[in-house]
Amino acid sequence: MLAYTLGGAAVGVLIGYLIPPGHFFWFVVGAISGCLFQRYVNRR
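Residues numbered from 1 in each chain as written. Predicted model: local features only at pLDDT ≥ 70, side-chain atom pairs only at ≥ 80, totals over all residues. Heavy atoms only, no water.

### Focus on the overall build of the chain
Here's step 1: Within the chain one finds two helices and zero strands.
Here's step 2: The dimensions of the chain, computed from C-alpha atoms along their principal axes, are 35 × 15 × 10 Å.
Here's step 3: The proportion of buried residues among the 44 residues of the chain is 23%.
Here's step 4: Summed over all atoms, the accessible surface of the chain reaches about 3500 Å², with 73% contributed by carbon and sulfur. (Helix = DSSP H or I, 4+ residues; strand = E, 2+ residues; numbered from the N terminus. Buried < 20%, exposed > 50% of the residue type's maximum accessible area, 1.4 Å probe, protein only. Areas by Shrake-Rupley, 256 points an atom, 1.4 Å probe, with all protein chains shown as cover.)

### Focus: the packing of aromatic side chains
Here's step 1: Taken as a whole, this structure holds two aromatic pairs when the rule is applied.
Here's step 2: Measuring from centroid to centroid gives 5.5 Å for tyrosine 4 and phenylalanine 37, while their planes differ by 55°, and the two rings are tilted. Of the two residues, tyrosine 4 sits in helix H1 (residues 2-18) while phenylalanine 37 sits in helix H2 (residues 23-43), which places them 33 residues apart along the sequence.
Here's step 3: Residue class for phenylalanine 37 comes out partly exposed when judged on its relative accessible area of 43%.
Here's step 4: Taking 5.2 Å as the distance between ring centres and 80° as the angle between the ring planes, the aromatic pair formed by phenylalanine 25 and tryptophan 26 counts as edge-to-face.
Here's step 5: Phenylalanine 25 sits in the partly exposed class, given a relative accessible area of 42%. (Phe/Tyr/Trp six-rings, centres within 6.5 Å; stacked < 30°, edge-to-face > 60°.)

### So, a nonpolar patch on the surface
Here's step 1: Where nonpolar side chains cluster on the molecular surface, the patch consists of Phe24, Phe27, Val28, Ile32 and Leu36 and spans about 500 Å² of accessible area.
Here's step 2: As for its position among the elements, valine 28 is in helix H2. (Patch = residues over 30% accessible without salt bridge, like charges linked within 9 Å, V, L, I, M, F, W, Y side chains within 5 Å. Salt bridge = Lys/Arg side-chain N within 4 Å of Asp/Glu carboxyl O.)

### A word on the environment of valine 11
Here's step 1: Residue placement: valine 11 occurs in helix H1.
Here's step 2: Among the residues examined, valine 11 registers a relative accessible area of 46% and is labelled partly exposed.

Next up, the structure:
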């Protein structure tokens, strides 16, 4: 789960460079998305 969370956070930071409202917002969104994706994959 940690790998997906960190991967999502890394993607979020990269998106934060391009799209407002900033790095921290997209970092949090990416981390949450990575966690939810991991739960989805484990459920299947």
